[in-house]
Amino acid sequence: MNWILREVRILTPQGEVEGDVWIQGGRWVALGRVPDRATGQTFLAKGAYLLPGLVDTHVHFREPGLTHKGTFYTESRAALAGGVTTAFDMPNTTPPITTRARWEEKMHRLEGRSWTNFGCYVGATSTNLAELRGLDPRQVPGVKVFLASSTGDLLVTDETVVRRILRESPVRVLFHSEREALIQAARQRWEGRNWEEVPDLHTRARPPEACIESTRWLLSIAKESSVPLHILHVTTAEEVALLQSRPAHVSAETCPVYLTWTAADFPAYRNLLKCNPALKFAADQEALWKGLLEGTLEVVGTDHAPHLWPEKEQPYPLAPSGVPSHGYLLPWLWTIGRARGVPLSFWVEKACHTPARLWRLRDRGPLVEGYWADGVLFDPEGKTVVPIQGDPRHFSKCRWHPLGGRVLQGQVRAVWVNGSLSYYGGAFYGAPAGQAVEMD
Ligand SMILES: [Zn+2]
């Protein structure tokens, strides 16, 4: 179906344009002035903002194998409702995606089942370099390397192996950057303790030094290769300082969880905010904001990692790490940014324009005539209520969100994916319209 959106404030890469929008054949045909000959279903936007759909380059949608926590269908739907139209999924599933064959099987499995456009990472192991070398950079967004915080095949601690991956990967290499040895040492020191005794237990069991030393090392070896290197979920002030002198092919991400909460919030949330790397301290959070604002951190990804409420209710050592972050992303970012005077265009830059540019998305990302029509109609003055735990209005399968019970500023009114109106007024329309992403 073709669409004509009337009275829209359009956030183009060049700035805000007021006017009308024409969507035809799944693409933006006119952004600003629609020709008289245009035909399509009219949508009266009445001054709402049209933003490009957000590109989340860091999600765990749990397929295959962990579908009791979430499926691509449920989690991409939750992401869509928060204004996300493209999501790149991590490989730590069951089985892990560590071969070309498993990657193809997963991509095939997602056809017609994703509400957002999608790409799937391949996980590095100590022995799969031959597989990684054969990856197609037009289809695979990257290789994920877990330097810590994983088990079995996906944990890669051999520095020689990491260096070889960095030299020989045909695609971007993304790092979970924590030093495993420092985490093991801290874990032993805090073993057997609980939240009652130690209010910020998780930050002690996964100390800042593990992140800092790992990122320091990554930056020291980055110059051995020109393969793009992306450091995921940066959490400490020291890492932001180190990243200020990073080479041009190194990029870095932080996540809304770390911009919203600190270790001081653990007494109220405990396992609910248990994620890796751990929440750090107020000074770290300030440094993350500063790093984002100054451009040291280029990308905001969510690290959406759903676990069921009963899993999180277990004692500390048993509760899995990871926080669901989808369902309300754009209002969430708008709300925490507004308190700091951050404009909407800032989040468009960090969660759409920059990832689209870094990952060289083909005809996708910013609002540009001729590109795929992935767009969000957003009302900055509206409100979004985040339901409490267990409420069926949560779209994520785990049915809870750390913002549960809060009212956020701003409201996603409608979302188009490849020109299909997929979300409007709290409901989903048509079939999932997400496509596999292509990269140049
Ligand atoms: Zn992650």
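Each chain has its residues counted from 1, following the order in which its sequence is written. Owing to the predicted nature of the model, reporting of local features is limited to residues with pLDDT of at least 70; listing and counting of side-chain atom pairs is limited to 80 or more, with chain, interface and lining totals taken over all residues. Side-chain figures throughout are based on the complete set of non-hydrogen atoms in the structure, without hydrogens or water.

Caption draft 1: Quick peek at the overall build of the protein chain. Each helix is a run of H or I in the DSSP string that is no shorter than four residues. Each strand is a run of E no shorter than two, and both are numbered from the N terminus. Within the protein chain, the regular secondary structure consists of 14 helices and 18 strands. Relative to a compact globule of 440 residues, whose C-alpha radius of gyration would be 22 Å, the protein chain shows 21 Å and is just as compact. Principal axes of the C-alpha set define a box for the protein chain whose edges measure 70 × 45 × 40 Å. The cut-offs for exposure are 20% and 50% of the maximum accessible area for each residue type, with area from a 1.4 Å probe on protein chains only; residues under the lower value are buried, those over the upper are exposed, and the others partly exposed. By the burial criterion, 61% of the 440 residues in the protein chain qualify as buried. Whether two residues touch is decided by their heavy atoms; if any such pair falls within 4.5 Å, the residues are in contact. Sequence separation of at least 24 residues holds for 73% of the intrachain contacts in the protein chain that already meet a minimum separation of 6. If you sum the accessible surface of the protein chain, you get close to 16600 Å²; carbon and sulfur atoms cover 49% of it. As defined in this context, the radius of gyration uses C-alpha atoms, and a globule is described by 2.2 Å times the residue total to the power 0.38. Per-residue accessibility takes into account occlusion by the displayed protein chains alone, with areas from the Shrake-Rupley method and a 1.4 Å probe.

Caption draft 2: Quick peek at helix H5 (residues 180-190). Listing the buried residues of H5 in full gives Glu180, Ile183, Ala186 and Trp190. Relative to the axis of H5, the buried residues are bounded by an arc of 125 degrees and lie together on one face. For H5, exposure combined with an orientation more than 90 degrees from the buried face picks out Ala181, Gln188 and Arg189. Buried residues belonging to H5 abut helix H6 (201-205) and helix H7 (208-222). Gly192 lies just past H5 and shows a positive phi near 85 degrees. This arc corresponds to the set of directions leading from the helix axis out to the C-beta atoms.

Caption draft 3: Fine view of the nonpolar core. For the purposes of this section, nonpolar cores are sets of buried Ala, Val, Leu, Ile, Met, Phe, Trp, Tyr and Cys residues that join through side-chain atoms within 4.5 Å. Of all hydrophobic cores here, the largest spans 114 residues; its most connected members are Leu51, Val145, Ile165, Phe175 and Trp347. Considering every element that reaches this core, the biggest residue donor is helix H14 (residues 344-358), with eight residues. For Trp347, the residues in contact, after removing those within four places along its chain, are Leu54, Leu259, Trp289, Leu292, Val300, Leu333, Trp334, Ile336, Gly337, Val342 and Cys352.

Caption draft 4: Summary view of the sheet that holds strand S7 (residues 84-89). The rule for pairing is simple: two strands pair if DSSP sees at least two bridges between them. One open sheet accounts for three strands, arranged S6-S7-S8; its pairing is parallel. Among the strands making up the open sheet, the edge pair consists of strand S6 (54-59) and strand S8 (117-120). Pairs of neighbouring strands in the sheet enclose a mean axial angle of 20 degrees, with direction left out of account. With four bridges joining them, S7 and S8 adopt parallel strand pairing. Looking across to S8, one finds that Asp89 is bridged to Cys120. Sheet strands touched by helix H2 (residues 100-110): S7 and S8. Its angle to S8, the strand with the most contacts, is close to 165 degrees. Under this scheme, a helix contributes an axis fitted over its contacting stretch, all axes are lines through C-alpha atoms, and angles between N-to-C directions fall in the 0 to 180 degree range.

Caption draft 5: Summary view of the sheet that holds strand S13 (residues 250-254). If you trace the six strands from one edge of the open sheet to the other, you get S9-S10-S11-S12-S13-S14, paired in parallel fashion. Strands at the two margins of the open sheet, each flanked by one partner only, are strand S9 (122-123) and strand S14 (299-300). Direction of pairing for strand S12 (residues 229-231) relative to S13: parallel, over a ladder of three bridges. By the bridge assignment for S13, His230 is matched with Ser251. Against the sheet, H7 touches strand S11 (173-176), S12 and S13, its axis set at about 170 degrees to S12.

Caption draft 6: Molecular detail of the environment of Leu259. Within the secondary structure layout, Leu259 lies in helix H9 (residues 256-260). Its relative accessible area of 4% is what places Leu259 among the buried residues. Dropping the residues within four chain positions of it, Leu259 is found in contact with Thr254, Gln285, Leu288, Trp289, Leu292, Ile336 and Trp347.

Caption draft 7: Region of the structure containing the side chain of Thr296. Examined against the element boundaries, Thr296 turns out to sit in the loop between helix H11 (282-294) and S14. Residue contacts for Thr296: discarding those within four places in its chain leaves Val240, Leu243, Gln244, Arg246, Ala252 and Gly291.

Caption draft 8: Seen up close, the pattern of salt bridges. In the sections that follow, a salt bridge refers to a side-chain nitrogen of Lys or Arg positioned within 4 Å of a carboxyl oxygen of Asp or Glu. Per the stated rule, a full pass over the model turns up 27 salt bridges. The closest approach of N and O atoms between Glu104 and Arg100, which form a salt bridge, is 2.9 Å. Here Glu104 and its partner Arg100 are both found in helix H2, four residues apart, which amounts to about one turn of the helix. Judged by relative accessible area, Glu104 falls into the partly exposed class, the value being 39%.

Caption draft 9: Structural context of helix H1 (residues 72-81). By the criterion of burial, H1 is predominantly enclosed, with eight of the ten residues buried. Residues Phe72, Thr74, Glu75, Ser76, Ala78, Ala79, Leu80 and Ala81 constitute the buried set of H1. Contacts from the buried residues of H1 go to S7, H2, S8, strand S16 (407-417), strand S17 (420-424) and strand S18 (427-428). Of the residues one or two after H1, Gly83 is the one with positive phi, at around 100 degrees.

Caption draft 10: Expanded view of the pairing of strand S5 (residues 49-52). Neither face of S5 is left uncovered, since the one carrying Tyr49 and Leu51 and the one carrying Leu50 and Pro52 both have all their residues buried. Relative to S5, strand S1 (residues 3-12) runs parallel, the two sharing two bridges. Residue pairing for S5: Arg9 is matched across the bridge by Tyr49. In this sheet, strand S15 (residues 375-385) lies alongside S5 in antiparallel orientation, the contact comprising four bridges. Within the sheet, the bridge partner assigned to Leu51 lies in S15 and is Val376.

Caption draft 11: View of the pairing of S1. Burial within S1 is extensive, with seven of its ten residues counted as buried. Relative to strand S2 (residues 15-24), S1 runs antiparallel, the two sharing eight bridges. In the sheet register, Ile4 faces S2, and the bridge partner there is Trp22.

Caption draft 12: Here's a closer look at the packing of aromatic side chains. Side-chain rings of Phe, Tyr and Trp, where Trp is taken by its six-membered ring, are said to pair if the distance between their centres is within 6.5 Å; with planes under 30 degrees apart they count as stacked, over 60 as edge-to-face, and otherwise as tilted. Under the defined criterion, the tally for this structure stands at 20 aromatic pairs. Measuring from ring centre to ring centre gives 5.3 Å for Trp195 and Tyr316, while their planes differ by 85 degrees; the resulting arrangement is edge-to-face. With Trp195 in the loop between H5 and H6 and Tyr316 in the loop between helix H12 (309-312) and helix H13 (329-338), the pair connects residues that are 121 residues apart, well separated along the chain. Assigned by exposure class, Trp195 and Tyr316 land together as buried. Taken together, the aromatic side chains of Tyr73, Trp115, Phe395, Tyr423 and Phe428 make up a single cluster linked through ring pairs. We count a charge as sitting over a ring when the NZ of a lysine or the CZ of an arginine lies within 6 Å of the ring centre and within 35 degrees of the ring normal. The side chain of Arg172 reaches across the aromatic face of Trp359, ending 4.7 Å from its centre. Residue placement shows Lys274 over the ring face of Tyr316; its charged tip is 4.3 Å from the ring centre.

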